[in-house]
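# Inside the fold
One letter stands for each residue in the lines below.
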Amino acid sequence: MSEGRFPKLTIVSEKERGTAFVLKKSGYSCGRTDSNDIVLDDISVSSSHCEFVKKAGVFWVRDLGSTNGIIVDNMSVNEKVLSNNDIIKVGVVELLYDDASAEAEQIKISEIQAKPKVKTGIDLDAFEKDVETSAKGKEIFPFANAESKDLKNKLPLMVITTVIVLLILIVLGLLTWFFVAFIF
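Keep in mind that what you see is a predicted model, and the values were worked out from it rather than measured.

## Concerning the pattern of salt bridges
- Applying the stated criterion across every chain, the model contains six salt bridges.
- Taking the shortest distance from any N to any O, the salt bridge between Glu 51 and Arg 62 comes out at 2.3 Å. One end of the pair, Glu 51, is in strand 5 (residues 50-55); the other, Arg 62, is in strand 6 (residues 58-63), and eleven residues separate them in sequence.
- Linking Glu 79 and Lys 55 is a salt bridge whose minimum nitrogen-to-oxygen distance equals 3.9 Å. A residue pair is termed long-range when its members are at least 10 positions apart, and Glu 79 in strand 9 (residues 79-81) and Lys 55 in strand 5 qualify at 24 residues.
- Its relative accessible area of 31% is what places Lys 55 among the partly exposed residues.

In structure tokens, the structure reads:
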């Protein structure tokens, strides 16, 4: 971060528009009561609504179980890395996050937010091989195993069975209607 330049939060909603909070520390509590570092005097703001915390050189906003939650750039979030010009809605109070220095330093937020890889059971190598062979006219089953390929061969039998069951249900329904309408 460049010297003398700190991120700030500026109220942009009508009530108290222009009030700014310079973020020099590594953490700030935000809420309606005076015990918070950032006090937002509005009934829609919870007593301890959220916090702004600096991690790995960037500020995050984290909801503290508030009633109305927090919204960043029209998306409801529990926790999010803040970017320059984000609009944070705390209750109905809108704050502009201003950190032009973060853009100047080109912070890679995607690396900070990187999540561990999850095993899905999908063999992507098989998918790539099938895509290559599909150009030669072969069928693609990237997520399939031997059992599901056998299922493809049984598909016509399953369709015929389903149609027969539906016809039986229709006949039973008509017989029931006839019995109720004409016998009783």
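## Overview of the side chain of Asn 36
- Tracing the chain through its elements places Asn 36 in the loop between strand 3 (27-31) and strand 4 (38-39).
- Asn 36 gets classed as buried once you look at its relative accessible area, which sits at 8%.
- Within the structure, Asn 36 has its side chain in polar contact with the side chain of Ser 29 (distance 3.4 Å).
- Side-chain polar atoms of Asn 36 contact the backbone oxygen of Ser 47, separated by 2.7 Å.
- Those residues in contact with Asn 36 that sit more than four places away from it in its chain are Ser 29, Cys 30, Gly 31, Ser 47 and Ser 48.

## Here we look at the sheet that holds strand 10 (residues 87-90)
- Here we have six strands laid out as an open sheet, ordered 2-1-11-10-7-8, and antiparallel in their pairing. The sheet terminates laterally at strand 2 (20-22) and strand 8 (75-77), the two strands that pair on one side only. On average, each strand axis in the sheet is tilted by 30 degrees relative to the strand beside it, whichever way the strands run.

## A look at the sheet that holds strand 4
- Strands sit in the order 4-3-5-6-9 across an open sheet of five strands; the sheet is mixed. What marks the edges here is a single partner per strand, and that holds for strand 4 and strand 9.
- Where strand 3 lies against strand 5, four bridges are found, and the strand directions are antiparallel. Bridge pairing in strand 5 links Ser 29 to Glu 51.

## With respect to the pairing of strand 3
- Pairing analysis gives two bridges linking strand 3 to strand 4, with the strands arranged parallel. Note on strand 4: the bridge partner recorded for Cys 30 is Ile 38.

## Quick look at the environment of Asn 85
- Following the sequence through the fold, Asn 85 ends up in the loop between strand 9 and strand 10.
- For Asn 85, a relative accessible area of 48% puts it in the partly exposed group.
- Between the C-alpha atom of Asn 85 and that of Tyr 97, which follows or precedes it by twelve residues, the distance is 5.3 Å.
- Discounting chain neighbours no more than four positions away, the residues touching Asn 85 are Asp 73, Leu 96 and Tyr 97.

## So, the environment of Asn 68
- Structurally, Asn 68 is set in the loop between strand 6 and strand 7 (70-72).
- Asn 68 sits in the partly exposed class, given a relative accessible area of 45%.
- Taking the C-alpha atoms as reference points, Asn 68 and Ser 46, 22 residues apart in sequence, are found 7.6 Å from one another.
- Polar contacts involving the side chain of Asn 68 include one to the main-chain carbonyl oxygen of Ser 44, which spans 2.7 Å.

Thresholds, definitions, all that
- Residues numbered from 1 in each chain as written.
- Predicted model: local features only at pLDDT ≥ 70, side-chain atom pairs only at ≥ 80, totals over all residues.
- Heavy atoms only, no water.
- Salt bridge = Lys/Arg side-chain N within 4 Å of Asp/Glu carboxyl O.
- Helix = DSSP H or I, 4+ residues; strand = E, 2+ residues; numbered from the N terminus.
- Buried < 20%, exposed > 50% of the residue type's maximum accessible area, 1.4 Å probe, protein only.
- Polar contact = N/O pair within 3.5 Å; in protein donor to acceptor, adjacent residues only side chain to side chain.
- Contact = heavy atoms within 4.5 Å.
- Pairing = 2+ DSSP bridges.
- Axes fitted to C-alpha atoms, helices over the stretch in contact; angles between N-to-C directions.

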